Amino acid sequence: MAFYTRTNKDDRETWGKKIDFLLSVIGFAVDLANVWRFPYLCYKNGGGAFLIPYTLFLVIAGMPLFYMELALGQYHREGAATVWKICPFFKGVGYAVIIIALYVGFYYNVIIAWSLYYLFSSMTSELPWLTCDNYWNSPNCTSHKSITDSVIGNGSSYAKYKFTSPAEFNERRVLHLHESGGIHDLGPPRWDLTLCLLAVVIILYFSLWKGVKSSGKVQTHCLSSTATQIKFHMDWPTSGFGVLIAFSSYNKFNNNCYRDAILTSTVNCVTSFFSGFAIFSVLGYMAEKRGVDIKDVATDGPGLVFIIYPEAISTLPGSTFWAIVFFIMLVTLGLDSSMGGMEAVITGLSDDYKILKRNRKTFTFIIAFGTFFICLLCVTNGGMYVVTLLDKYAAGTAILFAVLIEAIGVAWFYGVDRFSEDIERMMGFKPGLYWRLCWKFVSPAFLLFVVIASTLTSSGLKYNDYVFPDWSNHLGWMVALSSMMFVPCYAIYKFLTVPGTLKEKIAYCITPEHEHHLVAEGNVRQFKVGATFVLLNVVFFFYISNFLANTPKSCLKSQRQSLMRNHVLHVFLKYEFNMQTKHEIGLLLPFSAFAIGLFFFIN
């Protein structure tokens, strides 16, 4: 067996201090979702009971994938695209996650700009969202101090009532949403938000232009600032954006990435729990203050941090001070994550194209300010609709799909055994049986189930009472597919451009680049399947197929779903009988999860 010999990459930049790396990873993963998404999802899905599946999925998927990406980047010392020299067929996954990280930056920087605008607006003796006697207020505006059930009306929740002074400040003064008729009517960019966005981009550029030593220091200051100023505050640890691979590629070769994975993912989990307590303490206070149920003030997204929270802060003694502190926290929290995403793009592409690495400052400038010009769509009168579209489609299903293919590529094509040997060379010990089982079976099956579930349960776009037109949903799926299509398109490109017979082409595509000489010598690995293993899987799929086929049609939601069921069964059976390589067996368990998940979703 040929072992991998690492090339000399001692000239690659490394982190100035270990703490810079740890805080950069934590700073990226602990983002605005901790404040406005996780607590609400926890409340909406059973409160404390939600923490049970959350912790389970953290253990079986979040931590293993976190560990896998840190080890992958650290061993190969490459970005998200070039790390796939381990299996060139999957290099499209690297490009996909780079594109997704870029898309997320298009709207994430705008949210930071909103926070910056609120920060500047808070620097007054009286907070501007306290009263209704401002030029931007409508005749229907009601001071939040005077809100009662009779004012809101039956059947409406306090969180959705748009005529309070904080709500009107947000929608009429900051966003100017009332001047837009919908996503088809964006209008010009707002000059004040444009200046805030420009400030954000300038900060990002000067934080990243010199590499991770400068960005690590900035992120360390951001995170420590956030933690010390206010004790507010993932979904399970953030994998798949290429950020963890990029960050860990700048580690020393023998760094203990196993300990880093456990530490940082645990911090993420604990932070999410703590954020739930903090957020709902404030929402409980607001519910008591307004004399309504907590369900009437509970919300997620921008409405929580830009309407409900500012209103709560305005009721505190020294409200101006607390508003400034809160929005500094939001800005630093957002900058940490945005730096991580932009670094993933810069590292991923500059490792692939050396001319970009040699001109990092220029390339960083192009990425930062190129992002700025696209972000201008999000600071128009109807910019909130663009942000909503990107928030739903830019990542979502696309990032889950990318992580799924990444997990299959590493665990089944590169191989868990080979990957474990790489980790042993770095740290002196192999991953335990638990981690190997998760990488090979549990995590791919779970990810496929989540991908299918997110696709089947996807609904049309909506922002408050505004329902997006059908074409905008189609546009959203085009955005999602534009990143996902890199996976099959690059695979086809690679297959067509490598030399040799059909068998040799396949071998070149799925063999690590440092072993390509073995393929050229005719030493092509054989991929045979034991008859017993195939038989067991065929029997299993016949069982699943029969189970689904005998499902009463009355249980189906629609004729379309019935047709989908029959088509999927046909594909499963056809796939099983054409199974030829042991690498394809890596897809058996995920397809099993697909079948079971599909059954539950169509009934």
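On a predicted model such as this, the values are computed, not experimentally measured, just so you know.

Participant: Residues and numbers for the overall build of the protein, please.
Facilitator: A count of helical and extended segments in the protein gives 25 helices and two strands. Within the protein, the proportion of its 603 residues that are buried is 59%. About 25400 Å² of surface is accessible on the protein, with carbon and sulfur atoms providing 65% of the total.

Participant: So what's going on with the UniProt feature "binding site: Na(+)" (unreviewed entry) in the protein? Which residues, and what values?
Facilitator: UniProt feature "binding site: Na(+)" (unreviewed entry): in the numbering of this structure it lies at Gly27, Ala29, Val30, Asn34, Asn268, Leu333, Asp336 and Ser337. Note on placement: Leu333 falls in helix H13 (residues 319–352). Positionally, Ser337 belongs in helix H13. Looking at Ser337, the relative accessible area reads 7%, which means it is buried.

Participant: Tell me about the confidence of the model for the protein, residues and numbers included.
Facilitator: Summarising the model, the protein shows a mean pLDDT of 80, and 78% of its residues fall at 70 or more. Taken together, the stretch residues 1–8 has pLDDT below 50 and engages in 14 contacts with residues farther than four places along the chain or on a different chain. Segment residues 526–603 is flagged for pLDDT under 50; beyond a separation of four residues in sequence, or across chains, it makes 93 contacts in the model.

Participant: Explain the side chain of Ser249 residue by residue, including any values.
Facilitator: Following the sequence through the fold, Ser249 ends up in the loop between helix H10 (243–248) and helix H11 (257–290). Polar side-chain contacts of Ser249 include one of 2.8 Å to the side chain of Arg12. Aside from chain neighbours lying at most four places away, what touches Ser249 is Arg12, Gly73, Gln74, Arg77, Glu78 and Thr347.

Participant: Can you lay out the pattern of salt bridges for me, pointing to particular residues and giving the numbers?
Facilitator: Using the criterion set out here, one finds eleven salt bridges in the structure. The partner of Lys18 in a salt bridge is Asp260, with the nearest N and O atoms 3.2 Å apart. With relative accessibility at 30%, the residue Lys18 sits in the partly exposed group. Linking Arg360 and Glu343 is a salt bridge whose minimum nitrogen-to-oxygen distance equals 2.8 Å. Pair noted here: Arg360 is in helix H15 (residues 360–375) and Glu343 is in helix H13, with a separation of 17 residues, a long-range link. Like Arg360, the residue Glu343 is buried in the burial classification. Several salt bridges converge on common partners, so that one network encompasses Arg12, Asp351 and Lys357.

Participant: How would you summarise the nonpolar core if you had to cite specific residues and measurements?
Facilitator: The nonpolar side chains of a soluble globular protein tend to be buried, and buried together. Tyr67, Trp114, Phe306, Phe327, Phe419 and Trp439 are the most contacted members of the largest nonpolar core, which has 171 residues in total. Here Trp114 is in contact with Leu175, Leu193, Pro302, Phe306, Met384 and Val387, once residues within four sequence places are set aside.

Participant: Describe H11, with residues and values.
Facilitator: The terminal C-alpha atoms of H11, which comprises 34 residues, lie 49 Å apart, in line with the 50 Å expected from a rise of 1.5 Å per residue. If you check the start of H11, you find a side-chain oxygen 3.3 Å away from the backbone N of Tyr258, and it comes from Asn256.

Participant: Give me the lowdown on the state of the cysteines, citing residues and values where you can.
Facilitator: A full pass over the atoms with the stated rule returns one disulfide. The partner cysteine of Cys132 in its disulfide is Cys141, sulfur to sulfur 2.0 Å. Taking the sign of the S-S torsion, -65 degrees for the link of Cys132 and Cys141, the bridge is left-handed. Assessed through its relative accessible area of 24%, Cys132 is described here as partly exposed.

Participant: Explain the packing of helix H5 (residues 91–121) against helix H19 (residues 470–484) residue by residue, including any values.
Facilitator: Their axes nearest at 7 Å, the elements H5 and H19 cross at an angle of 145 degrees. Contacts from Ala96, Ile99, Ile100 and Tyr103 in H5 reach Val479, Ser482 and Ser483 in H19. Tallied by class, the residues present in the contact of H5 with H19 amount to five nonpolar, two polar and no charged.

Participant: Now, about the environment of Arg360: what can you tell me, with residues and values included?
Facilitator: Since its relative accessible area comes to 14%, Arg360 is described here as buried. At a separation of 2.8 Å, a polar atom in the side chain of Arg360 contacts the side chain of Glu343.

Cut-offs and rules
Residues numbered from 1 in each chain as written. Predicted model: local features only at pLDDT ≥ 70, side-chain atom pairs only at ≥ 80, totals over all residues. Heavy atoms only, no water. Helix = DSSP H or I, 4+ residues; strand = E, 2+ residues; numbered from the N terminus. Buried < 20%, exposed > 50% of the residue type's maximum accessible area, 1.4 Å probe, protein only. Areas by Shrake-Rupley, 256 points an atom, 1.4 Å probe, with all protein chains shown as cover. UniProt positions renumbered as here; feature names shortened; annotations may be inferred. pLDDT = per-residue confidence, 0-100. Contact = heavy atoms within 4.5 Å. Polar contact = N/O pair within 3.5 Å; in protein donor to acceptor, adjacent residues only side chain to side chain. Salt bridge = Lys/Arg side-chain N within 4 Å of Asp/Glu carboxyl O. Core = buried A, V, L, I, M, F, W, Y, C linked by side-chain atoms within 4.5 Å. Expected span 1.5 Å × (residues − 1). Disulfide = S-S within 2.5 Å. Axes fitted to C-alpha atoms, helices over the stretch in contact; angles between N-to-C directions. Nonpolar A, V, L, I, M, F, W, Y, C, P; charged D, E, K, R; others polar.

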